[in-house]
Amino acid sequence: MQELLKKSAMEQSKALKNKEVSAVELTKVSLDRIKTIDEKLGAFNSLTEETALETAKKVDEKIAKGEELPLLAGVPLALKDNMNLVGSKTTASSKILENFVSPYNATVTQKLLDNLVPIVGKANLDEFAMGSSNENSAFKKVHNPWNLKKVPGGSSGGSAASVASCEAALALGSDTGGSIRLPASFCGIVGMKPTYGKVSRYGLIAFASSLDQIGPFTRTVEDAAALLEVISGHDPHDSTSLDLPVENYRASLNNDIKGMKIGVVKELVKEGLAPDVEKAIQGAIDTYKSLGAEVVEISLPNIGHSIGIYYILATAECSSNLARFDGVKYGHRAEGVNNLLDMYCKTRAEGFGPEVKRRIMLGTYALSSGYYDAYYKKAQQMRRIVTEDFLKAFSQVDALIAPTCPNTAFDLGSKTEDPLSMYLTDIATIGANLAGIPAMSVPAGFDSDGMPIGLQIMSPQLTEAKLFNIAYKFEQSHDYYKQLADI
Ligand code: GLN
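Here's what I pulled together on the structure shown here.

The rules behind each value
- Residues numbered from 1 in each chain as written.
- Predicted model: local features only at pLDDT ≥ 70, side-chain atom pairs only at ≥ 80, totals over all residues.
- Heavy atoms only, no water.
- Helix = DSSP H or I, 4+ residues; strand = E, 2+ residues; numbered from the N terminus.
- Rg over C-alpha atoms; globule rule 2.2 N^0.38 Å.
- Buried < 20%, exposed > 50% of the residue type's maximum accessible area, 1.4 Å probe, protein only.
- Contact = heavy atoms within 4.5 Å.
- Areas by Shrake-Rupley, 256 points an atom, 1.4 Å probe, with all protein chains shown as cover.
- Lys, Arg positive; Asp, Glu negative; His and termini not counted.
- Charge placed at Lys NZ, Arg CZ, Asp CG, Glu CD.
- Near = heavy atom within 4 Å.
- Polar contact = N/O pair within 3.5 Å; in protein donor to acceptor, adjacent residues only side chain to side chain.
- 1 Å grid on protein atoms, 1.4 Å probe; cavity = no way out; pocket = protein on both sides within 12 Å on 5 of 7 lines; lining within 4 Å.
- Sits in = over half its atoms within 2 Å of the grid points.
- Points joined across faces, edges and corners; volume = space filled by probe spheres on them.
- Phe/Tyr/Trp six-rings, centres within 6.5 Å; stacked < 30°, edge-to-face > 60°.
- Patch = residues over 30% accessible without salt bridge, like charges linked within 9 Å, V, L, I, M, F, W, Y side chains within 5 Å.
- Salt bridge = Lys/Arg side-chain N within 4 Å of Asp/Glu carboxyl O.
- Axes fitted to C-alpha atoms, helices over the stretch in contact; angles between N-to-C directions.
- Parallel < 35°, antiparallel > 145°, perpendicular 65-115°, else oblique.
- Left-handed = near helix turned anticlockwise from the far one by under 90°.
- Nonpolar A, V, L, I, M, F, W, Y, C, P; charged D, E, K, R; others polar.
- Core = buried A, V, L, I, M, F, W, Y, C linked by side-chain atoms within 4.5 Å.

### As for the overall build of the protein chain
When you go through the protein chain residue by residue, the secondary structure sums to 17 helices and 11 strands. For a compact globule of 487 residues, the expected C-alpha radius of gyration is about 23 Å, and the protein chain comes in at 21 Å, within 12% of that figure. Overall size of the protein chain, expressed as C-alpha extent along the three principal axes, is 65 × 50 × 45 Å. The burial tally for the protein chain puts 61% of its 487 residues in the buried class. Contacts in the protein chain between residues far apart in sequence, at least 24 positions, make up 76% of those at least 6 positions apart. Accessible surface computed for the protein chain: about 18200 Å², of which carbon and sulfur atoms make up 50%. Of the side chains in the protein chain, 51 bear a positive and 58 a negative charge, and the two mean positions are spaced by 1 Å.

Right, here's the structure in full:
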C-alpha cells in the first residue's frame with residue numbers, strides 16, 4: 001500500500017477510479033506515513049485528519065454510486081500553513097499566530113474541498129514565508145528528505161519535503177521571491193509559480209502583496225498542470241485576481257516543441273554556479289536541442305539588481321502587511337502590560353522571530369519620509385526596468401531557462417548567521433516575481449553528493465500552457481523525476 005504513495009497524483013487518481021484502493025484507505029496510508037516519518041522531517045505543523053477523512057469518504061461515496069470524480073479527487077494534499085482551512089490552525093509558523101484558528105477557507109482551499117481533495121495537514125514554512133531554508137520556522141526546522149542534514153529550501157520547505165518524501169502526492173506553496181521553486185529544486189520535485197493574478201490569494205496570509213502567488217508542488221509536470229487547473233480561476237474576493245477562464249493545461253503537455261526558441265539567461269549561467277549545476281544546465285540545453293528547439297543565449301542585463309530591488313519592495317510591503325498583528329485583532333497578546341502602546345510593542349517583540357523583525361525594520365526604513373524616494377521609489381523604477389528586460393527577451397524567445405538556484409541544498413545551520421548569503425540564494429528566482437511571469441522548477445539531475453538540481457523555466461505572462469509543455473518535454477526525456485528520496 002505504501003507503494004501507492006510513490007505514484008504520481010494522476011496515477012493515484014486512476015487507482016481510485018479503478019477501485020484498486022479506496023480514498024479513505026489512501027488517505028489513511030498518507031496519514032500513517034506522515035506519523036511514521038515526519039518526526040525526522042518536520043514537514044508538518046499539524047495534521048487535519050478529520051477533514052481529510054471526511055473528504056475521502058465523500059469520494060468513496062461517489063465512486064460507489066458510479067458518479068464521475070472531479071479532477072484529483074481523493075489524492076492527499078499538504079497545505080502550506082499560511083493558507084486558511086476552517087477548523088485548522090493557520091500559524092504561518094509564527095509564535096504570534098500559534099493558536100490562530102482559520103475563520104474561513106482560503107479560495108484555494110475551498111476549490112480543493114470542492115474537488116474533494118483530502119487535505120492531510122498544514123505544512124511547515126519559514127515564519128510568514130520569509131526565508132530560503134525553512135530554518136526560520138518558530139516551531140521546528142524542516143529537513144531535506146534526500147539528506148536530513150541539509151535544508152529543504154524555503155520558504156515552502158514543508159510542502160516540498162512532504163511531496164519529495166511521498167507523504168503526499170500534492171502540496172500547495174506560496175512564492176513571493178522563489179519560495180515554491182527553490183524548495184522544489186532542493187527537494188528534486190516540480191514546483192510552479194503561476195502568472196501573478198492566476199490564483200486567488202484570498203485566505204493566504206499576505207507577505208508582499210505585489211509579488212505573492214500560490215502554486216503547486218508535485219512530482220510530475222502533469223500533476224502540477226492538473227493541480228493548477230483545480231486552484232486557478234477568477235475570484236472577486238481578490239482584487240488582483242484575473243478574470244480569465246480556467247484552462248486545460250494537460251491537453252497540450254505533449255505538443256511538439258520543434259522550432260521553439262529557448263533562451264538561456266546569460267547572467268544566470270555565467271558566474272558562481274556550482275560545477276554540477278552548470279553541467280545540469282548544459283544537459284538541459286542539449287536536451288532541448290535534441291528535441292528540435294533552437295537554443296540561444298539571452299541577456300537580462302539588470303537581473304543582478306533583482307535581489308536589491310526585492311529586499312526593498314518585499315520588506316516595505318511586509319512592514320505594512322504585518323502591521324495587523326498587534327495583539328488586538330489576531331493571535332498572541334502579551335501579558336502584564338501598562339498601556340496600549342506597551343501592549344503593541346511587547347506583543348510584537350514576543351510574537352515575531354528575528355528574521356521577521358529584521359524585515360519589518362528594513363521595510364519601515366525604506367518607506368519612511370526622507371528615504372522613500374531613495375529606496376522605495378528607486379526600487380519600483382528598477383522593477384519596471386527588469387520587467388522590460390523580460391519583455392524584450394520574450395520578443396525573441398518562447399521561454400527562458402536558467403538554474404533555479406546556483407547551488408544545491410546546503411547544510412542546516414550553514415547560512416543562518418549570514419542573512420545576506422541566505423538572500424543571495426534567490427538570485428535566479430526573484431526576477432519572475434518582479435515581472436509577474438509564470439516560472440517553474442523541474443528536476444534536472446543530481447550533484448556528486450546525490451542532491452537534486454532544478455532547472456528553471458520561465459515564460460511570458462499567461463502562457464502557462466506553453467510553460468508546462470516545455471517542462472513536460474524535458475521531464476519525459478529523462479528519468480530524474482522517477483528517482484525518489486530514500487526515507
Ligand atoms: N527567500 C525569499 C525571502 O526570503 C522568498 C520568500 C518567498 O518567496 N516567500 O523573502
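The structure having been displayed, the exposition proceeds.
### Looking at the site of the ligand
In the region of the ligand, 15 residues are neighbours, and T176, G177, S179, Y310 and R359 sit closest. Residue G178 places a main-chain N or O atom 3.3 Å away from an oxygen atom belonging to the ligand. In the model, an oxygen atom of the ligand is placed 3.2 Å from a nitrogen or oxygen of the Y311 side chain. When the ligand is considered free in solution it has 290 Å² of accessible area, and contact with the protein chains removes 100% of it. Taken atom by atom, the bulk of the ligand overlaps the largest cavity.

### Topic: the layout of surface pockets
Space inside the largest pocket adds up to approximately 430 Å³. Lining the largest pocket we find 21 residues, and of these Y104, G203, L204, A206 and R324 sit closest to its centre.

### Topic: the packing of aromatic side chains
Aromatic ring pairs are defined here through the distance separating the ring centres and the angle between the ring planes. Here the structure, examined in full by the defined rule, presents 17 aromatic pairs. On the numbers, 5.9 Å between centres and 70 degrees between planes, the contact of F128 with F352 is edge-to-face. Highlighted residues: F128 in the loop between β3 (119-123) and α6 (157-164) and F352 in the loop between α12 (340-351) and α13 (354-367), separated in sequence by 224 residues. Using a relative accessible area of 3% as the deciding quantity, one classes F128 as buried.

### Focus on the environment of S159
With respect to the helices and strands, the residue S159 is situated in helix α6. On the basis of relative accessible area, S159 is assigned to the buried category, the value being 0%. Distance in space between the C-alpha atoms of S159 and P443 is 16 Å, their sequence separation being 284 residues. Here S159 is in contact with K80, A123, N124, A171, L172, G173 and F217, once residues within four sequence places are set aside.

### Section: a nonpolar patch on the surface
On the surface, a cluster of nonpolar side chains totalling about 290 Å² of accessible area is made up of Y365, Y371 and Y375. Looking at where Y365 falls in the secondary structure, it is placed in helix α13.

### Focus: the packing of helix α8 (residues 221-231) against helix α17 (residues 464-476)
Remark: α8 packs on α17, axes separated minimally by 9 Å, with the N-to-C direction vectors making an angle of 160 degrees. Classified by the angle between their axes, α8 and α17 sit roughly antiparallel to one another. As α8 runs across α17, the sense of the crossing is left-handed. Of the residues in α17, those touching α8 at V221, A224, A225 and L228 are E464, F468, A471, Y472 and E475. Classifying every residue of the contact of α8 with α17 by side-chain character gives 7 nonpolar, no polar and 2 charged.

### Notes on helix α5 (residues 107-114)
All of the buried residues in α5 are T107, V108, T109, L112 and L113. For α5, the secondary structure elements touched by its buried residues are α4 (49-64), β2 (77-80), β3, β4 (170-175), β6 (213-218) and α8. L116 sits one or two positions beyond α5 and adopts a positive phi of about 60 degrees.

### Focus on the environment of A435
As for its placement among the helices and strands, A435 is situated in helix α16 (residues 430-435). Apart from residues no more than four positions distant in its own chain, A435 is found in contact with T387, F390 and Q461.

### So, the side chain of T176
Inspection of the secondary structure assignment puts T176 in the loop between β4 and α7 (181-187). Every residue in contact with T176, bar those within four places of it in the chain, is listed here: F207, A208, L211, D212, Y310 and N433.

### Quick notes on the nonpolar core
L112, L172, I231, Y288, L455, I457 and F468 are the most contacted members of the largest nonpolar core, which has 60 residues in total. In terms of residues, this core owes the most to one element, α8, which gives 8 residues. With 50 residues, the next largest nonpolar core counts A92, F128, L268 and A402 among its residues.

### Thoughts on unusual backbone geometry
Residues apart from glycine generally show negative phi values, whereas peptide bonds are mostly found in trans. Of the consecutive residues G154 and S155, the connecting peptide bond is found in the cis state with omega at 5 degrees. At A92, a residue that is not glycine, the phi angle is positive and equals roughly 55 degrees. When you line up the elements, A92 lands in the loop between β2 and α5. Classification of A92 by relative accessible area gives buried; the value is 0%.

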